[in-house]
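# Geometric and topological summary
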Amino acid sequence: MKSIGTILGLALSASIAFGASAKEALILTGDVPPGLD
Amino acid sequence: MLEPLVYYPFSHTNDEGVRILDFQDFEGRLAESWSFDASTLNWTFNLRRGVKGCNGAEFNADDVLYTFTRAKSVSGSAPISWFLSNVASIAGFTPAVFGDDAAKKLGEEVKKIDDYTVQIKQGAPNKLMLPVLTIFGIQMLDKQIMEANATADDPWAHKYNNEVNAPGFGAYCLDTWKKSEEFVTTANPDYYRGKADIDRIVLRRVPQSSTRTIVVRSGQADVAELLTPKEYENLRLARGVNVVGAWGNKNIAVAMNFKAEPWNNTKLRQAIAHAIPYDRVIENAFFGEARRWESIVPTTYPGFSKTETQFSFDLDKAKQLLSEAGFPDGKGLDAFPAESFLLTYPQERDSWLQPIGTAIRSALREVGVNIQLNPIPESQYVDRQLVKKDLQMTLIDSITPFGVDAGYAVQLFFVSPDKGGINNIINYSSEDLDGIYYGRIFNESDDDKRNQALAEAQDRVMADVAWAPVVEYKSFVATRDTISGVTYHPDNQLRWFELKKSE
């Protein structure tokens, strides 16, 4: 459950930083592009 | 975040609510309009005015010139933008750039006519110009930001581009990027198609698909990608979650290496193709959410053709072909090293690839061919598959051609490696196929003639069993039911601008 807590923490901090009225979305993926340039 | 010159227009919404694009047509993005002069092979792009990037710089012809000059410099570790320009036959983007410094300089082939007009010249007729311009590897960079982050050692700012930011003229601006962990982005208020509906998007990597499933089910995440068929199946029953999908370019194939005995034996490969239990794979591994793959390019792509040659699940036929191959009932195969019979795939996706591999292993055993499943770490897998090309037998699950065209897929995967088949992972080399491709497809501008040649090329590859195609499956995503606007794109990435979130 630790990783879920981390994600919740992240979502929360994003919300505080950006203000309550802003629309936010958290997308979970398995593979962030490594940078292919 | 980047934006293309042109892209595919919206076509329709499918029965699962996914927006589908029209892959036969194009609409202007950073280019507002364009024209093509067949007599000179010149494409003239009229650029959109008033487009602003994340630091306020206005897009113009200098950004296009910068992007192509950088592409031709082949200065990065993976020259994708050069490759794409080469595939589209843009003049001067030939393999000569790898040997000669002078050949790396951009000449008149990409020319600024004025601040909002650019001309790009092809070296030969080629249908892939516009499809290639949609692909992320050749989308437009913000010259001003890139140049500000160039260094003496890295004049084209590859390190910045790979680790800090990919600055362009897209809908979102990057706030922070923790390598291999997360992107935090804010909607670009000046985006030329209007500010995105969702102000801020965090893309986070959570390696375990089971964790992603739990978090989206709990409502603490809005979208979960890359789940297993079983996880999607379970989430369909969850309250507040939508699982939506579309047929695109996802597929499974078994590939055997032409440089390795005994797999360089065509009859043996054909025997394997007849011993794959296609329907069992669809039921056991995909819960019915897959279909037989009847060619070696995606069914949804222009130029696809169901090949005349098809391999049904037929163990008697497989046994007969095994005999003809010189291995009756599998006798004689044990003379080859055990490594020849390892069916290798990425262990990160073991939970859903293993049932597929197990079904294939069981069926092959019935005809006397004993293989073992060999899950290995994805980093090793990718290196062996794409760089060393030494996997003897592999379960392909993630090679998708981003160029939406059968010819693009044929070149990328099946043309001989030394003739342009850069992702020809099994070292397939056929003079017939190369001849059809370069003689009748690559520079053919007549659609009917090109499609006829493409059909022959697909049948050639199928009959040779360069790959044994197994199934195609849908690209799925799980979202909270507050999210709409999911659109299928050939790189299987969401475009965040298209997402809407209701409260």
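Rules and cut-offs
Residues numbered from 1 in each chain as written. Chains lettered and ligands numbered in written order. Predicted model: local features only at pLDDT ≥ 70, side-chain atom pairs only at ≥ 80, totals over all residues. Helix = DSSP H or I, 4+ residues; strand = E, 2+ residues; numbered from the N terminus. Rg over C-alpha atoms; globule rule 2.2 N^0.38 Å. Buried ≥ 20, exposed ≤ 12 C-beta atoms within 10 Å, placed from the backbone. Core = buried A, V, L, I, M, F, W, Y, C linked by C-beta atoms within 7 Å. Domains from an automatic or database assignment. Contact = placed C-beta atoms within 7 Å. Nonpolar A, V, L, I, M, F, W, Y, C, P; charged D, E, K, R; others polar. Axes fitted to C-alpha atoms, helices over the stretch in contact; angles between N-to-C directions. Parallel < 35°, antiparallel > 145°, perpendicular 65-115°, else oblique. Pairing = 2+ DSSP bridges. Left-handed = near helix turned anticlockwise from the far one by under 90°.

## Some details on the overall build of chain B
- For chain B, the helix and strand inventory stands at 15 helices and 20 strands.
- Computed over C-alpha atoms, the radius of gyration of chain B comes to 24 Å, within 12% of the 23 Å expected from 2.2 N^0.38 for 503 residues, which places it in the range of a compact globule.
- When the backbone C-alpha atoms are referred to their principal axes, chain B occupies close to 70 × 55 × 45 Å.

## Describing the overall build of chain A
- Within chain A, the regular secondary structure consists of one helix and one strand.
- Going through the 37 residues of chain A one by one, you find that 19% of them count as buried.

## Considering the nonpolar core
Residue and element names in this part refer to chain B.
- Among the nonpolar cores identified, the biggest contains 156 residues, and Val254, Ile272, Ile276, Ala468, Val470 and Val471 are the most heavily contacted of them.
- At nine residues, the largest contribution of residues to this core is made by strand β13 (residues 241-256).
- Counting only domains with at least three residues in this core, you end up with domain 1 (6-146) and domain 2 (248-474).
- Leaving out residues up to four positions away in the same chain, alanine 468 has contacts with Ala253, Val254, Ile272, Ala273, Ile276 and Phe311.

## Comments concerning the environment of glutamate 339 of chain B
Residue and element names in this part refer to chain B.
- With respect to the secondary-structure elements, glutamate 339 resides in the loop between α10 (315-324) and β15 (342-346).
- On the neighbour-count criterion, glutamate 339 (14 C-beta atoms within 10 Å) is partly exposed.
- Separated by 33 residues in the primary sequence, glutamate 339 and glutamine 372 place their C-alpha atoms 9.0 Å from one another.

## Quick look at the domain arrangement of chain B
Residues and elements named next belong to chain B.
- Assigned domains of chain B: these are domain 1 (6-146) and domain 2 (248-474).
- Look at where the C-alpha atoms of domain 1 and domain 2 centre, and you get two points 32 Å apart.
- Taken together, the elements giving at least two residues each to the side of domain 1 that touches domain 2 come down to α2 (80-87) and α3 (129-133).
- Residue composition of the side of domain 1 that touches domain 2, grouped by class: nine nonpolar, three polar and one charged.

## Looking at the packing of helix α14 (residues 431-441) of chain B against helix α15 (residues 447-463) of chain B
Residues and elements named next belong to chain B.
- At a minimum axis separation of 10 Å, α14 and α15 run at an interaxial angle of 170°. Viewed along their axes, α14 and α15 adopt a mutual orientation that is roughly antiparallel. Side by side, α14 and α15 meet where Asp432, Leu433, Ile436, Tyr437, Arg440 and Ile441 of the first sit next to Lys449, Arg450, Ala453, Leu454, Glu456, Ala457, Arg460 and Val461 of the second.
- Of the residues that constitute the contact of α14 with α15, the class distribution is eight nonpolar, no polar and six charged.

## Let's talk about unusual backbone geometry
All names here are of chain B.
- A cis amide bond links glutamate 261 with the next residue in sequence, proline 262, at an omega value of 0°.
- Although it is not a glycine, serine 89 sits at a positive phi angle of roughly 60°.
- Located in the positive-phi region is lysine 389, a residue other than glycine, with phi close to 55°.
- Tracing the backbone through its elements, the reader meets lysine 389 in the loop between α12 (378-388) and β17 (393-396).

## Quick look at helix α6 (residues 209-218) of chain B
- Of all the residues in α6 of chain B, the buried ones are Ser209, Arg212, Thr213, Val215, Val216 and Arg217 of chain B.
- Where α6 of chain B ends, the next residue or the one after it, glycine 219 of chain B, has phi of about 90°, a positive value.

## Side note on the pairing of strand β2 (residues 10-13) of chain B
Residue and element names in this part refer to chain B.
- Pairing of β2 with strand β3 (residues 19-21), which is carried by three bridges, proceeds in the antiparallel orientation. Pairing of threonine 13 across the sheet is with arginine 19, part of β3.
- In sequence, β2 turns back onto β3 through a hairpin of five residues, with glycine 17 there showing a positive phi of about 90°.

## Overview of the sheet that holds strand β7 (residues 110-114) of chain B
Residue and element names in this part refer to chain B.
- Within the open sheet, the four strands sit side by side as β5-β6-β8-β7. Their pairing is antiparallel. In this open sheet, the two edge strands, each paired with only one partner strand, are β5 (31-37) and β7. Ignoring strand direction, the axes of neighbouring strands in this sheet form an average angle of 20°.
- Where β5 and strand β6 (residues 42-47) come together, six bridges link them in antiparallel fashion. Within the sheet, the bridge partner assigned to phenylalanine 36 lies in β6 and is tryptophan 43.
- In the packing of helix α1 (residues 61-72) onto the sheet, the strands contacted are β6, β7 and β8 (117-121), and the crossing angle to β7 comes to about 170°.

## Let's talk about the packing of helix α9 (residues 278-286) of chain B against helix α11 (residues 350-366) of chain B
Residues and elements named next belong to chain B.
- Interaxial distance between α9 and α11 falls to 9 Å at its minimum, and their mutual angle equals 150°. In terms of their interaxial angle, α9 and α11 are classed as roughly antiparallel. Classified by chirality, the crossing of α11 by α9 is right-handed. Side by side, α9 and α11 meet where Arg280, Val281, Asn284 and Ala285 of the first sit next to Trp352, Pro355, Ile356 and Ala359 of the second.
- Classifying every residue of the contact of α9 with α11 gives six nonpolar, one polar and one charged.

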